[in-house]
Amino acid sequence: TAMEDKPKGAPRRCKGLLQSEELYKYILQTSVYPREPEPLKELRAVTACHPRITFGTGRICGTNLVEKGPCTREDNRPFFPISRAIMGTAPDAGQMMALLLKLVNAKRTIEVGVFTGYSLLLTALTIPDDGKIVAIDMNRDAYEMGLPVIKKAGVEHKINFVKSEALPVLDKLLEDHDNEGSFGYAFVDADKTNYLNYHERLLKLVKVGGLVVYDNTLWAGSVVKPEEHVAERMRADRHCIIEVNNSLAADPRIQISHASLAISTCAFNLVQYILETSVYPREPEPLKELRTLTACHPRAIMGTAPDAGQMTAMLLKLVNAKRTIEVGVFTGYSLLLTALTIPDDGKIVAIGMNRDTYEMGLPIIKKAGVEHKINFVNSKALPVLDKLLEDHDNEGSFDYAFVDADKTNYLNYHARLLKLVKVGGLVVYDNTLWAGSVVMPEEHVAERMRASRHCIIELNNSLAADPRIQISHAPLGDGITICRRIY
């Protein structure tokens, strides 16, 4: 979603899973690998050497399914060997998980499904030195493959590895009532048939405000395929994942975000699946109304993507945001989302150069009863941010900022917002894949997009190298980059 002063004739981009193999590699090489801790790099390399198995699906992350074959069994029936290395957590998903662990200040965690331990090691590196992880897996051999790296990293003392099926271990934990609500975070990457059973137990073990993260919730894209087009060995788990997604979307005890991490192919059907299954059923009525209204605007593409909005709503809750900044408003979808999420006495400094588009959405904002939280400033953003910084009491006083404005000033906004947002607070940048142009040869990019493309590439490189922040680059909408201020 670009700012309201975007040039006329700007491209109409597909909102949602704006992804390709090239974009996935771009995110990994620009934002993920340069920040990946050395022990995780080492464990990823070890995991890549894991031997193949002859049957079973292993772990499937998006389209990173590694298949060879067909080959032949001793009974001459064909089979398709699948590399179990794919069972390792995807690095971009790991980057997001590390951010979430910090946002919930996780100290006690649960890991259901370990394999060689990438996500386990990531958690152990992220939680404090006296943190503890209950790690459950039926295969100790795979865990011991990664154990030397875990030991070398000096975090083995945080891990209680339990070789077992998970349900008996979770039930045993629940026998001690002191364990109820005592965990900050749980990660599940195990047998899909039991995801809903794990969910019921984990919601008792994880504290209110804590997180449960489920992997493989698109199951290699099979959730949108006709069953006859899905490999038979995948069908049972596909049914389970579809049931899990529907159940989570309908569960009033939780707030959710369904993110398309580790999916490296562009699939419009998956966009629609995520929106229709997990996003639209939970979208508040005022946001639906504003999205419908915005769709009538000739530059409707500038509205915040609903799946990105779902993620930002969760982030706002995780940082307990009360004072926020919005740079770029348009008709106000992300602004209204923020106003609906923060407490009644929360305040938003909303800066936009086009008051007309803001007033288009204002009746819905008023109807939702949240206008009193908004201070709309009709101005360029830099003078407003500089004015805020003139009052030293404003430094570190904001919890959250969202930027969807002129790309040429993103780095200027970044320099100011890192002074205004508190340590532990968030700055979220929209359009950080810029319609996929970041990976295109310049001659293939429309001339009107080239200047902003250069700015976005520079921004992404700068954020990846900035030691003051922890980042997660997610392919939601037109790409969002979440920055958590470290100091």
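Keep in mind it's a predicted model, so treat the numbers as computed, not measured.

Brief notes about helix α2 (residues 38–48)
The α-helix advances 3.6 residues per turn, and as a result positions three or four apart in sequence lie on the same side.
Line of reasoning, step 1. Looking only at α2, the buried set comprises L40, L43 and T47. Seen from one end, α2 has its buried residues packed into an arc of 65°, which puts them on one side. Across α2 from its buried face, at more than 90 degrees, point the exposed residues E38 and A48.
Line of reasoning, step 2. Contact partners of the buried residues in α2: α4 (118–126) and α5 (140–152).

Observations regarding the pairing of strand β9 (residues 206–214)
Line of reasoning, step 1. The sheet contact formed by strand β8 (residues 183–188) and β9 spans five bridges and is parallel. Bridging from a neighbouring strand, A186 pairs with V212 of β9.
Line of reasoning, step 2. For the segment spanning β8, helix α7 (residues 195–205) and β9, crossover handedness is right-handed.

Describing unusual backbone geometry
Line of reasoning, step 1. Phi at W434 is positive, roughly 40°, even though this residue is not glycine.
Line of reasoning, step 2. Mapped onto the secondary structure, W434 falls in the loop between β14 (421–430) and α16 (447–465).
Line of reasoning, step 3. Of note, the phi angle at A435 is positive, near 60°, even though the residue is not glycine.
Line of reasoning, step 4. Mapped onto the elements of the fold, A435 is located in the loop between β14 and α16.
Line of reasoning, step 5. Among the residues examined, A435 registers a relative accessible area of 19% and is labelled buried.

Rules and cut-offs
- Residues numbered from 1 in each chain as written.
- Predicted model: local features only at pLDDT ≥ 70, side-chain atom pairs only at ≥ 80, totals over all residues.
- Heavy atoms only, no water.
- Buried < 20%, exposed > 50% of the residue type's maximum accessible area, 1.4 Å probe, protein only.
- Helix = DSSP H or I, 4+ residues; strand = E, 2+ residues; numbered from the N terminus.
- Arc of directions from axis to C-beta.
- Contact = heavy atoms within 4.5 Å.
- Pairing = 2+ DSSP bridges.
- Right-handed = clockwise from strand over helix to strand, strands pointing away.

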